[in-house]
Structure formats: structure tokens, C-alpha cells
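Chain by chain, the residues:
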Amino acid sequence: MTHTPHFPRTRARFRRALLCAAVLALAAQTAAVAPAAAGSPGGRGSDCVRTPGHLGGQGRRVLEITRQAKEDLRLNAVQVRVTVDGREVLTDALGESMTGVPAEPAMHFRAGSVAFAHIGTALLRLVEERRVRLDDTVERWLPDLPQADRITLRMLASNTTGLHDYVTDPAFGAELGTHPFKAWTPEELVAFPLRHSFWYEPGTSWSYSHANYVYLVEALEKITGVRIDRLVREKVTGPLELRNTRNNFTPDIPSPVLHAFTSDRGLYEESTFWNPSWTTAPGAVITTDICDLARSAQAIGAGELLSPRSYRTLLDPGTVGLGGESATCPATICLKQTEAKHFGLGVIVVNGWIVQNPSFSGYAAIQAYLPSERLAIAVSATQTATTPEGNQAEVVAERIAAALAPGDPLAIS
């Protein structure tokens, strides 16, 4: 899940996304104004288009809910796709990408922590191939990480190392707020948590830290000898045919682009092309479209690429029961992990829903899947100057879930 750093109020107000911590964004204009069908990666037309023809009853209901939510939340744009058992209920986009440029379903946006769900699945596939074990300690791959001989791959992937999160570090937030176009290196990012003692002994509690995935990516690249973007393509996004989900090593977003705007620095401004290098390790900074996001929700949430045993580990790698206030870690950091709401291997489990919910610098999104109903919900949203604080894509998805699966509330907040 993602969060945006909290900048000092003298220069900015920065928002929080919930249970975890934050990621991504950028500003400047690009040739993103092309029609939706014109410009997907590789030069082929996109098949992510509005639902054609007459909408069924569920589709009409979802569209009405989305329209009302856009108005209530004062959103600039909303993209939505809902499927049941892989069958389309609704695909649509409301509002504008930029002034006078309508939002389209095929427009690409930053997907932040959705990459963590893909990396968690890739790790479990490597375990199934017996190339590595979840409980291997990481000192051979990460010799500069303190307590590396006690930290395991499982701990990195499930956020149980005790490392501080650089994203919520005030010093990091001040630097990021002043320099949103800065290109960050992994070494610069992990320097922030390494200034602090661990919150707890590795494996004994739970706390969200982006540093865990920076280190996990480095470890996986050394284990496999393959760059993380290629590894995830081989293990996850390729087999799932997520052709519009890709890593970017620069602030570029493939055309067509859903533009973002934010008041994070105190002035409502475009943030589309702020440099996202701070969000995670190089090779894991992704963009996607709403159709790929819905497919990702279904495939990751159903464990399509995993054995039953690995799927159970994805949903609970041992985090349930961890967390809670201690002498060294406040309850606001070491969040209690319960059966109803807990972190898995790169995913969040909420009342049976399997979720990821990136939110950063004007972009907000959510992928959510309910296995009992085979229901996938994907929402991407951008904000106006008066949009309320928080990940408003979550709110849209929660309303849709309440209508389609009233017995299983998607109650993230």
C-alpha cells in the first residue's frame, strides 16, 4: 500500500493513504493528448475501451455509483473497471485528464505499490522453483544491511524487519518536497532508515517500510542475476498478459497519459512528471491502465500463478497476530495485524478482499479482489484543488463493493 510523506506545513501539506506508506509522481506535459486507442506501448492500439453497447443492471449501477462519487469527492477524473469471474461488468472513465482533454480508460497512470504485489508473487514462484527459501537470511546478498544474518526474505516481503520507513521520515519529506524532480538512488533512500535503531527485533512485530522492498529487490536481483523489471515480467506480468503494465527508469509515462494534479506543496499544481525514483527500487516503478489493474486484481487475488500452499502464504506469511504497541514502537507504527485486516506478501487482506492501494502526489488507485464472489474492482482517480485528503479511489471502490457484495465490506480506513 502507499502513502505520501508528510511535508512541513510551512511549505506543504502531504497526505496519508492508510495502513502502510507512500509512493510516486511527476510534472510537465507530454504528448498524452492522443486518442485512447492510438498509443499503447509497442505502437499497437489499446483494447481498454469503454464498455460497448447497452449496460446490464450491474454495469448501470456501478456507473451511477462512480458518477456520484466523482461529484461527492470533487475528483478531476475517475477510471473504473469491474469484472465478475473475469467477465466485464463495466469499463469507463469520467472527467478530464487535463482541461479540455477527456479521461479515457486506456490512459496510463502510476501504480505505485501494486508492484509490491507482483514482487511478492514473483518471490513465491522462485520459492516453488526451489531457487530460494522464504526463511533464508539475507547476509550473502545484503551484507551492508544491519542484522542481515537475522533478517529473512519473508521478513522483507511481509514488513516484519523493524526497519524505519524513509517515506514518513520528516528529513526525507522535506528534501522531497523541495526537490520533486530529484532522481534518488537506493543508497540515498535506505540511508534514512539506517540512521535509526530498528523498531523491534526482526520478525517479532509488524511495521510498514518502503525500505524493505528496496532491499528485497536488491536481494532478488542478486539471487537470480536478472534485473527486477525483467524478473517480474517473466514471472508475473508476462504470464498474465499485462501488456500495458511496465517499469519506467525515467519519469516518462507511456502515452496516452492520465495527468495528475496535487496541492501537496501548498499550491495546486501538475504533478504528473515528478520523479518517482524515490518510491521503490529501480526497475519496480510501474505504470499501468485500468484494464491491466483489474486483471492484476483478479490474478493476484485468486493466486492464479501460485500453488495452493504459496497462495496461503501470500495472504498470511505469519503476520496475523503481530504488531501492537510496545516499549520501543508506538501503536501508530506497529499496527496490529488481525485476521480481518493484515498485510501479506505485498498485498493487504481486508475482510476477505485482497488489495493494493497506491496513493501519491495526485494519483490514487486501488485493485481489490473478493475470492468468494470472484469480484474484481479497479479504480484510478485524480484530484482537484478541493478533493478531500486521502486515497479517494478507495472510497469509490468501497461504494461499489457495498453495492455488489454487501456482506463483505471493503472497509480499508
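Residues numbered from 1 in each chain as written. Predicted model: local features only at pLDDT ≥ 70, side-chain atom pairs only at ≥ 80, totals over all residues. Heavy atoms only, no water.

A.B. asks: Describe unusual backbone geometry, naming the residues involved and giving the relevant values.
C.D. replies: Of note, the bond from Ser255 into Pro256 is cis; its omega dihedral lies within 30 degrees of zero at 0 degrees. You can see Pro256 is positioned in the loop between strand S5 (246-247) and strand S6 (261-262). The backbone phi angle of Asp85 is positive, close to 55 degrees, even though this residue is not glycine. Mapping Asp85 onto the fold places it in the loop between strand S1 (75-84) and strand S2 (87-98). Of note in this structure, Arg374 is not a glycine but carries a positive phi near 50 degrees. Locating Arg374 in the fold gives a position in the loop between strand S13 (363-370) and strand S14 (375-383). Judged by relative accessible area, Arg374 falls into the partly exposed class, the value being 46%. (Helix = DSSP H or I, 4+ residues; strand = E, 2+ residues; numbered from the N terminus. Buried < 20%, exposed > 50% of the residue type's maximum accessible area, 1.4 Å probe, protein only.)

A.B. asks: Please set out the nonpolar core residue by residue, giving values where relevant.
C.D. replies: Counting 97 residues, the largest nonpolar core has Trp353, Val379 and Ile400 as its most contacted members. Take this core: its biggest share by element is nine residues, from helix H6 (residues 210-224). The residues contacting Val379, other than those within four sequence positions of it, are Val78, Gln79, Val80, Ile290, Leu293, Ala364, Ala365, Ile366, Ala393, Val396, Ala397 and Ile400. Grouped together as the second largest cluster of nonpolar side chains are 27 residues, Val114, Val257, Phe261 and Ala294 included. (Core = buried A, V, L, I, M, F, W, Y, C linked by side-chain atoms within 4.5 Å. Contact = heavy atoms within 4.5 Å.)

A.B. asks: Help me get a handle on the sheet that holds strand S8 (residues 286-288), residues and values and all.
C.D. replies: Sheets are built from strands paired through backbone hydrogen bonds, the pairs being either parallel or antiparallel. Taking strand neighbours across the sheet as the criterion, the three strands line up as S4-S8-S5 in an open arrangement whose pairing is antiparallel. A strand with exactly one partner marks an edge of an open sheet, and here the two such strands are strand S4 (109-110) and S5. The pairing of S4 with S8 spans two bridges and is antiparallel. Residue pairing in the sheet places Phe109 in a bridge with Thr288 of S8. (Pairing = 2+ DSSP bridges.)

A.B. asks: Describe in detail the side chain of His164, supporting the description with residues and values.
C.D. replies: Relative to the assigned elements, His164 resides in the loop between helix H3 (153-158) and helix H4 (170-178). Its relative accessible area of 14% is what places His164 among the buried residues. Among the polar contacts made by the side chain of His164, one reaches the main-chain carbonyl oxygen of Ser197 at a distance of 3.1 Å. The contacts of His164, once residues within four sequence positions are left out, are Pro193, His196, Ser197, Trp199, Ser209 and Ala211. (Polar contact = N/O pair within 3.5 Å; in protein donor to acceptor, adjacent residues only side chain to side chain.)

A.B. asks: Explain the packing of helix H2 (residues 114-128) against helix H9 (residues 308-315) to me, using residue names and the numbers behind them.
C.D. replies: Remark: H2 packs on H9, axes separated minimally by 10 Å, with the N-to-C direction vectors making an angle of 145 degrees. You can see that H2 and H9 cross each other, and the crossing is right-handed. Between H2, through Thr121, Leu124 and Glu128, and H9, the contact on the second element is made entirely by Ser310, Thr313 and Leu314. The residue makeup of the contact of H2 with H9, split by class, is two nonpolar, three polar and one charged. (Axes fitted to C-alpha atoms, helices over the stretch in contact; angles between N-to-C directions. Left-handed = near helix turned anticlockwise from the far one by under 90°. Nonpolar A, V, L, I, M, F, W, Y, C, P; charged D, E, K, R; others polar.)

A.B. asks: Which residues make up the pattern of salt bridges, and what values go with them?
C.D. replies: Under the counting rule described, the total for this entry stands at 19 salt bridges. In this structure, the salt-bridge partner of Arg81 is Glu88, at a minimum N-O distance of 3.2 Å. Note that Glu129 is salt-bridged to Lys235, the shortest N-O span being 2.5 Å. Pair noted here: Glu129 is in the loop between H2 and H3 and Lys235 is in helix H7 (residues 228-237), with a separation of 106 residues, a long-range link. Given the relative accessible area of 35%, Glu129 is considered partly exposed. When salt bridges that share partners are traced, they join Glu129, Arg131, Glu234 and Lys235 into one network. (Salt bridge = Lys/Arg side-chain N within 4 Å of Asp/Glu carboxyl O.)

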